[in-house]
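Descriptive structure summary
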Amino acid sequence: MALTKVRGLGLGTLDDNITFTTAGKGVHLGVTSATSSNLLDDYEEGTFTPALESSGGTLSVSYTGRSGKYIKIGSLCQASFVFRVSSHSGGSGEYRITGLPFTSSTAGSDHIGVSTMGMENHPIGSQHQLIQVMNNGETKVRLLYANNNATWASYTPGSAFTVFMCFTYPTA
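Residue numbering note: each chain is counted from 1, following its sequence as written. Local features in this predicted model are restricted to residues whose pLDDT is 70 or higher, and side-chain atom pairs enter the listing and the counts only when it is 80 or higher, whereas totals over whole chains, interfaces and linings include all residues. Calculated side-chain values reflect all of the structure's heavy atoms, with hydrogen atoms and water omitted.

Some words on the sheet that holds strand E5 (residues 60–73)
- Ordered by their spatial adjacency, 5 strands build an open sheet running E3-E5-E6-E12-E8, and the pairing between neighbours is antiparallel. Taken across any chain shown, the strands that pair with only one partner, and hence form the sheet edges, are strand E3 (43–48) and strand E8 (114–120). Strand-to-strand twist across the sheet, computed as the mean angle between neighbouring axes with direction ignored, equals 10 degrees.
- With 13 bridges joining them, E5 and strand E6 (residues 76–89) adopt antiparallel strand pairing. Pairing of Arg66 across the sheet is with Phe83, part of E6. Between any two strands, at least two bridges found by DSSP are needed for them to pair. Secondary structure elements are taken from DSSP: a helix is a run of H or I of four residues or more, a strand is a run of E of two residues or more, and numbering for both begins at the N terminus. Axis angles are defined between N-to-C directions and span 0 to 180 degrees, where every axis is a line fitted to C-alpha atoms and, for a helix, only to the segment in contact.

In C-alpha cells, the structure reads:
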C-alpha cells in the first residue's frame, strides 16, 4: 500500500522510503510552515574522475589510478578523491586538480572551500605549507603553497606522486 498523505501530530513511523511523484519536491525540515530556506530538495551521490592540469604548456600525465566520489546536499558538495601519477611532463605554471562534479559559487571573487589533503612524494620543504583553494565559478582546485605563512606561490609536483583529498565547497 502506498503512503499518500501523512496527517496528525506527534511521533509517527514509516516502514518504507518516501518517493515523490514529481521532480522538484522536497521535505521542509524544522518548521511548522513551509519556507524555501528549510526545504531539502536536492540530494545526490555519484562518482567523478579527477585529473591534473597546468596553466602553461601542454601537460602529459600517466596515472596508475584515480577515482572520486561526492555527496551533494542542497548547495553544498563534499568531494573525496585520490589519484596516483606515475609521471608527468610538459606542464608549467600553476597546477590544478580538475573534474570536480559541480561548479563552485560564492559571493564576489573570494576563494572558497575547505579541504583535507595528503600527498606522497611531494617536493616541498618544511618551511612551506600546502594550500588548496577553489575560485568562484570553477570545477578545479588550485594547488599552491605558502612561504612561512606568507605569500602564495604555484606548487609544482614531483614527477611521481599521490594526492588524497576531501574538499567541501558551495555550489551554483
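Further notes follow.
Considerations on the pattern of salt bridges
- Whenever a carboxyl oxygen of Asp or Glu lies within 4 Å of a side-chain nitrogen of Lys or Arg, that contact is scored as a salt bridge. Applying the stated criterion to the full structure yields 5 salt bridges.
- The closest approach of N and O atoms between Lys72 and Asp42, which form a salt bridge, is 2.3 Å. One end of the pair, Lys72, is in strand E5; the other, Asp42, is in the loop between strand E2 (39–40) and E3, and 30 residues separate them in sequence.
- Residue classification places Asp42 among the partly exposed positions, given a relative accessible area of 25%.
- Ionic pairing is found between Lys140 and Glu53, a salt bridge with its closest N-O pair at 3.0 Å. With Lys140 in the loop between strand E9 (128–133) and strand E10 (141–147) and Glu53 in strand E4 (residues 51–56), this residue pair connects regions lying 87 residues apart in the sequence.
- Taking relative accessible area as the criterion, Lys140 reaches 21% and is therefore assigned partly exposed.
- Here the salt bridges do not stand alone but share partners, grouping Glu53, Glu94, Arg96, Lys140 and Arg142 into one network. Partly exposed residues are those whose accessible area sits between 20% and 50% of the maximum for their type, while under 20% is buried and over 50% is exposed, using a 1.4 Å probe and protein chains only.

Notes on the packing of aromatic side chains
- Under the pairing criterion, centres of Phe, Tyr and Trp rings, with the six-membered ring standing for Trp, must be within 6.5 Å; the plane angle then separates stacked pairs below 30 degrees from edge-to-face pairs above 60, leaving the rest tilted. Taken as a whole, this structure holds 5 aromatic pairs when the rule is applied.
- Ring centres 5.3 Å apart and planes at 85 degrees place the aromatic pair Tyr70 and Phe102 in the edge-to-face group. Of this pair, Tyr70 sits in strand E5 while Phe102 sits in the loop between strand E7 (92–98) and E8, placing them 32 residues apart in sequence. Like Phe102, Tyr70 is buried.
- Between Phe83 and Phe161 the ring centres are 6.1 Å apart and the planes differ by 70 degrees, which places this aromatic pair in the edge-to-face class. With Phe83 in strand E6 and Phe161 in strand E12 (residues 161–170), the pair connects residues that are 78 residues apart, well separated along the chain.
- The exposure class assigned to Phe161 is buried, which follows from its relative accessible area of 1%.

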